[in-house]
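# Chain and residue survey
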Amino acid sequence: MSLGVDDPEHEPGAGDAPDPTARLRALAHPVRMRILSLLTASALTAAEIARELDLTHANASYHLRHLLAAGLIEVAGEERIRGGAAKRYRYDPARQPDQPASTPADSRATSDHRLLYDALAAELRRRAHHLRRGPGNFLTDAEFWIDPETWDEIRNTIAEASARLHHAARPPHTPGTARVSATVALFRMQD
């Protein structure tokens, strides 16, 4: 999922934009990150999400409400199921901005930003338990000092690769697909 959490002016639909702090807090939960990943590939109901993530229907609905209120997902339709109505939700990473012009370059991370990165770390630990060793895996980790032009070029290349991954995503267990993990955190650091 491409989080796009830095834009306080992103408007998920008609009406007022969600509070940026509410967006960060909505994202800073491992279950919600997993839900966003599922909703990248296809529109799903709360019941389908609950089955895939082994949650109760009520728990899946609770997390969906938080994501919807934060403007991170949208209702993609409604259908009649056994006499009731079920909403389908989806996450469109293309709607998430890459880098807003309104964020100062020297802004410090808030405790909510750190909470989000803590949730990302927890999600990476969970996924690591499902690691399949073999060729094709890639890992890099470093703290560099590089010139701004190179930084922009590399960040844009990785953003394009992330968009390709999101576009290629398919519903869980689709025949002919492989379950993969992609976690990239690129950010400028304070001196």
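Details of the structure are given in the entry above.
Definitions and limits used
- Sequence order sets the numbering: in each chain, residues are counted from 1 along the sequence as written.
- Selection of residues for local features in this predicted model requires a pLDDT of at least 70, selection of side-chain atom pairs for listing and counting requires 80 or more, and totals for whole chains, interfaces and linings are taken over all residues.
- Water and hydrogen atoms were dropped before computing side-chain values, which therefore reflect all heavy atoms in the structure.
- The criterion for strand pairing is that DSSP finds at least two bridges linking the strands in question.
- By definition, any uninterrupted DSSP run of H or I lasting at least four residues is a helix, any uninterrupted run of E lasting at least two residues is a strand, and each is numbered from the N terminus.
- In this analysis, the expected span of each helix is defined as 1.5 Å times one less than the number of residues it contains.
- Whether a residue is buried, partly exposed or exposed follows from its accessible area with a 1.4 Å probe, protein chains only, as a fraction of its type maximum: under 20%, in between, or over 50%, in that order.
- Comment: arc refers to directions from the helix axis out to C-beta atoms.
- Two residues qualify as a contact provided that any one of their heavy atoms is within 4.5 Å of a heavy atom in the partner residue.

### Overview of the pairing of strand β2 (residues 84–90)
Looking down a regular strand, the side chains alternate between one sheet face and the other. When strand β1 (residues 74–81) meets β2, the two strands line up antiparallel, connected through 7 bridges. The residue of β2 that forms the bridge with E78 is K87. Between β1 and β2, which pair antiparallel one after the other, the connecting turn spans 2 residues, and R82 there sits at a positive phi close to 45 degrees.

### Points about helix α5 (residues 111–128)
In this model α5 runs 26 Å from its N-terminal to its C-terminal C-alpha over 18 residues, within 8% of the 26 Å that 1.5 Å per residue would give. Along α5, the residues classified as buried are D112, H113, L116, A119, L120, E123 and R127. The arc that holds every buried residue of α5, seen down its axis, measures 115 degrees, which confines them to one face. Facing away from the buried side of α5, by more than 90 degrees, are the exposed residues S111, D118 and R125. Next to the buried residues of α5 lie α1 (20–27) and α2 (30–41).

### Some thoughts on the environment of A182
Tracing the backbone shows A182 in the segment after α6 (148–168). As for A182 and L139, which are separated by 43 residues in sequence, their C-alpha atoms are 10.0 Å apart. Excluding anything up to four places from it in sequence, A182 contacts R127 and L165.

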